[in-house]
Every structure is written in C-alpha cells, then in structure tokens.
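As a plain string of letters, each chain reads:
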Amino acid sequence: MTERGPIWREPGMAPLALMTCAGFSGYALLLTVAPLWAVEGGAGTAGSGLVNGVLLLFTVLTQLLVPRALDRFGWGAVLVAGLVLMGVPGMLYGVSDGLATILALSALRGTGFGILTVTGSAAVAVLVEPERRGEAIGVYGLAVALPNLVLLPAGPWIADTLGFGWVFALDVLPLVGIPAALRLGSTLRAPSVEDDPIDVDQSVLRHLVRPILLLLAVTLAGGAVITFTPQAVDSPSIAAGGLFLMGLAAALSRWRAGVLADRHGAQRFVVPMVVLTGVAMAGVAWAVAAPSAPLFLGAMLVLGLCYGGLQNLTLLVSFAAVPPRQHNRASAFWNIGFDAGTALGSVAVGVLAELTPFATAFLVCGAIAAATLPLALRRPRS
C-alpha cells in the first residue's frame, strides 16, 4: 500500500483552494462594509440588514440552478462567471450610497457567491475519496476561512481609516482567482442533469434536514454577529479584535475538525459545539449590554470555534447521509442552509434591533441555536 501524500497534492485541490480564497475575499471584505455604506447613505438598521439579506437571498436562488448551469456551460465558464460577479459589482459600490443601488449590486454579488459556494463544496466530493473527505473539506474550509480571518475585521478598519473607496477597489481580488478557476474547470466534468437539486425526492431531503437545520442555527448566530458587531460595539478596535478572533477560531476549527471527524466520526463533536454556540451568544449579548472587552473577545473566540467546526461537520454528515450520486444535491442544500442562516441573522437582527437592544437580539439568536440540541443528540442513519 503506497503512502498517501498531503491532501493539497490531490489533482485539483490546489486550484480549488486558490480560487476559493480569491472568491471568498470579495465576500469577506464587504460583508460588514456594505451595510455600513448603506448607513453612510442614510439607511437605518433595518435597511442595512437588508444589504446582506438580499445578497444571500440571491445566493440561495442561484444555488438551486448551479448544477444545470454546469451541465450546459461547463465548470470553467461557470466558475469564471462566479468570480466576475463577486468582484465587479463590489467595485461599483462607490457609484452611489443609495440603498436601491447597494441592494441591486448586492443581488449581483449574491449570484456570484451562489455559484462559488455550490461548486466549491461539490468539487471536494468529486476530487477526493470518502476516506479523506473530512481532511479535504478542512482544506477547503481553510481557504474559505482565511479571507474571513484577515479581511472581515480589516474591511471596517480600512473604511474608517482610509475611506470606503479603498475597500471597494480591493474587491478586485476575486478576479485574481480566474486562472485557478480555469485550471480547476479542466480537471472536473459537469454533473448530469439528473443530479439537478431542483428535482428532489423526499427521501433525500429527509436525510438532509437534520444537518441543515443545525447549520442554519449556527450560521444565523454567526451572521448576526458578523453583520452587526461594528454597530453594536462602541470601540472599533474591540469590534475588529472580536471579528479577528472569531475568524481565527473558525479557520482553525473548520480546518482541523475534518481530520478529527475522519478518525473518530463527526457525531461526537456536534453536541458540544451546539451547546457552546448558545453559551457564546449569551456571552456576546452580556458583553454588549454591559460593555466588557475580555468577555466579548472570549465569547467571540468560542463562537468562532463552533461556527467553523459545525460547518465542516454538518457538510460531512450531509455527504454521508446520501449516496454519491446525490452529492450535488447535498452540496446545494448545505449551502442553502448556510446562506439562509446568515441572511436570517442579518435581516432578523436588523429588524429586532429597531425594537430592542442589540444584546436582546443576540440572545434570541443564541436561544435558537440552543433549541437545536435535540437534533444534535439524535444519531443519524448511516
């Protein structure tokens, strides 16, 4: 038996990681800055919450159509389109700070993001054998998390220090990933139309409900904190520090959780992370209500650990719950759960924050995450 090399030496994994890192740079850079730009133009809290809500609404709508687009146009063309739609509209935000313009550009970015999310996680299932899938998902997750680690906290700081125009100019980064996308496209073949997630039978959806609801709850909490931390925390440096720690913990957790799951199974790590998500959100709420930098930073660190780990684990559980020919469906619905949760966190907390303090809104998100504990305790069918 030959010794297996590092996972990133598997054909297609390096281009996938490079393309993903470039594409998600455009997502992370503007995730908190675009709502702030809307506030700069006179939008209220609910209006700023709509920015990421529209982004992720169009992400979800696009995700349903990606497999059919791959079959018709091929991987290379679809991946390049995703990167262009992530980069060019972001650079155009500076044209106007009016809410209507921002929402229209966010819809285009959401279309690009929907392409990149489904194709990225689906490619992992195609490129790597099941025995190393957790490790491969970890590498893919690291490529997703690194832009969040660096650019998520940097975006508001750059906007505040140098101006919003610099942030919008930096959204050229997704276009840098086009050569890697073309290389990845030459490695993969298009899925068949029968794998189109629009054609879903009830048995497949039933097996995917549990991991998707668990994912939706943790991304709802994470999306709320990511979107509104710059507005909820008085100190820009503490807000940036909290987002950095959350991104760091998420990157490490999403990377290493896959290796642990390959060795010990994903199930045993799901329950403690669901519990800790509720605890962390309670800590964030408390630190916002009675400002405490150490408590806020510690809670953000724990939240990032759960946010990243549960992303990896629920994707593994989703792939394991369906036969290989259904992996495109599993990828699409997992991504829908991720983005729907993030969108709900953005929109719902924006509305709640108009009526209650941010601390109360964050506490509600933590309660929703804790309410999924019975799902976490239920053992999935093989």
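What counts and what doesn't
- Residues numbered from 1 in each chain as written.
- Predicted model: local features only at pLDDT ≥ 70, side-chain atom pairs only at ≥ 80, totals over all residues.
- Heavy atoms only, no water.
- Helix = DSSP H or I, 4+ residues; strand = E, 2+ residues; numbered from the N terminus.
- Rg over C-alpha atoms; globule rule 2.2 N^0.38 Å.
- Buried < 20%, exposed > 50% of the residue type's maximum accessible area, 1.4 Å probe, protein only.
- Contact = heavy atoms within 4.5 Å.
- Areas by Shrake-Rupley, 256 points an atom, 1.4 Å probe, with all protein chains shown as cover.
- Lys, Arg positive; Asp, Glu negative; His and termini not counted.
- Charge placed at Lys NZ, Arg CZ, Asp CG, Glu CD.
- Phe/Tyr/Trp six-rings, centres within 6.5 Å; stacked < 30°, edge-to-face > 60°.
- Expected span 1.5 Å × (residues − 1).
- Bend = angle between axes of the 7 residues up to and from the residue.
- Core = buried A, V, L, I, M, F, W, Y, C linked by side-chain atoms within 4.5 Å.
- Axes fitted to C-alpha atoms, helices over the stretch in contact; angles between N-to-C directions.
- Parallel < 35°, antiparallel > 145°, perpendicular 65-115°, else oblique.
- Left-handed = near helix turned anticlockwise from the far one by under 90°.
- Nonpolar A, V, L, I, M, F, W, Y, C, P; charged D, E, K, R; others polar.

Let us look at the overall build of the protein. If you tally the helices and strands in the protein, you get 17 helices and zero strands. Compactness check: the protein gives a C-alpha radius of gyration of 19 Å against a globular reference of 21 Å for 382 residues, within 12% of the reference. Its C-alpha atoms put the protein at 55 × 45 × 40 Å along the principal axes. Within the protein, the fraction of its 382 residues that count as buried is 57%. Taking the intrachain contacts of the protein between residues at least 6 apart in sequence as the baseline, contacts between residues at least 24 apart amount to 86%. If you sum the accessible surface of the protein, you get close to 14,900 Å²; carbon and sulfur atoms cover 68% of it. Side chains of the protein give 20 positive and 19 negative charges; the mean places of these two sets differ by 11 Å.

So, on to the packing of aromatic side chains. Under the definition given, this model contains 11 aromatic pairs. Seen in terms of ring centroids, Phe24 and Tyr27 are 6.1 Å apart; in terms of plane orientation they differ by 70°. Their pairing is edge-to-face. Within this pair, Phe24 and its partner Tyr27 are both found in helix H1 (residues 13-31), separated by three residues, close to a single helical turn. Consider the rings of Trp37 and Phe168, whose centres lie 5.2 Å apart with planes at 75°: the pair is edge-to-face. Of this pair, Trp37 sits in helix H2 (residues 33-40) while Phe168 sits in helix H8 (residues 164-170), and the two are 131 residues apart along the sequence. The exposure class of Trp37 is buried, given its relative accessible area of 13%. Overall, the relative accessible area of 4% leaves Phe168 in the buried class. One aromatic cluster is present, built from ring pairs that chain together Trp37, Tyr93, Phe164 and Phe168.

So, on to H1. Between its terminal C-alpha atoms H1 stretches 26 Å, which fits the 27 Å expected from 19 residues at 1.5 Å a residue. At Phe24, H1 shows its maximal kink, close to 25°. With respect to burial, H1 is a largely interior element, 15 of its 19 residues being buried.

Attention now moves to the nonpolar core. Among the nonpolar cores identified, the biggest contains 92 residues, and Leu16, Met19 and Phe362 are the most heavily contacted of them. Excluding anything up to four places from it in sequence, Phe362 contacts Ala224, Val225, Phe228, Ala232, Met281, Val284, Ala285, Val288 and Val349. Listed in part, the 22 residues of the second largest apolar core include Ala38, Leu103, Ala107 and Ala154.

It is worth spelling out the side chain of Thr32 at this point. Inspection of the secondary structure assignment puts Thr32 in the loop between H1 and H2. Apart from the residues lying within four places of it in its own chain, the contact partners of Thr32 are Leu152, Pro156, Ile226, Thr227 and Pro230.

As for its position among the elements, Thr277 is in helix H13 (residues 267-289). The residues contacting Thr277, other than those within four sequence positions of it, are Val218, Ala221, Leu303, Cys306, Leu310 and Ala369.

Turning our attention to the packing of helix H12 (residues 236-264) against helix H14 (residues 293-321). Packed helices, taken two at a time, are described by their axes: the angle between them and the distance between them. In contact at an axis separation of 7 Å, H12 and H14 are set at 30° when each is read in the N-to-C sense. Taken together, the axes of H12 and H14 lie roughly parallel to each other. In this structure, the crossing between H12 and H14 has a hand that is right-handed.

Before going further, it helps to spend a moment on helix H7 (residues 133-161). Over its 29 residues, H7 runs 42 Å from end to end, which matches the ideal 42 Å to within 8%, given 1.5 Å per residue. At Gly155, H7 is deflected by roughly 35°, the largest bend along its length, and proline Pro156 occurs up to four residues later in sequence. In terms of burial, H7 is largely enclosed, as 22 of its 29 residues are buried. Following H7 by one or two positions, Gly163 adopts a phi angle in the positive range, close to 115°.

A few words now on the packing of H12 against H13. Contact geometry of H12 with H13 gives a least axis separation of 9 Å together with a crossing angle of 140°. Taken together, H12 and H13 sit at an angle that is classed as oblique. Taken together, the residues of H13 that come into contact with H12 (itself represented by Ser253, Leu260, Ala261 and His264) are Arg268, Phe269 and Met273. Its residues placed into classes, the contact of H12 with H13 shows four nonpolar, two polar and one charged.

Next up on the list: the environment of Leu303. The residue Leu303 is located in helix H14 in this model. According to the relative accessible area criterion, Leu303 is buried, its value standing at 0%. Taking C-alpha positions, Leu303 is 7.4 Å from Leu276, a pair spaced 27 residues apart along the chain. Beyond its immediate stretch of four places on either side in the chain, Leu303 contacts Val225, Met246, Thr277, Ala280 and Met281.

Attention now moves to the environment of Val33. With respect to the helices and strands, Val33 occurs in helix H2. Separated by 147 residues in sequence, Val33 and Ala180 have C-alpha atoms that sit 27 Å apart.

The next thing to look at is the environment of Leu215. With respect to the element layout, Leu215 can be found in helix H11 (residues 202-232). Accessibility expressed as a relative area gives 0% for Leu215, which makes it buried. Expressed as a C-alpha distance, the spacing of Leu215 and Val274, which sit 59 residues apart in the sequence, is 9.7 Å. Excluding anything up to four places from it in sequence, Leu215 contacts Leu310, Gln311, Thr314, Trp334, Gly337 and Phe338.

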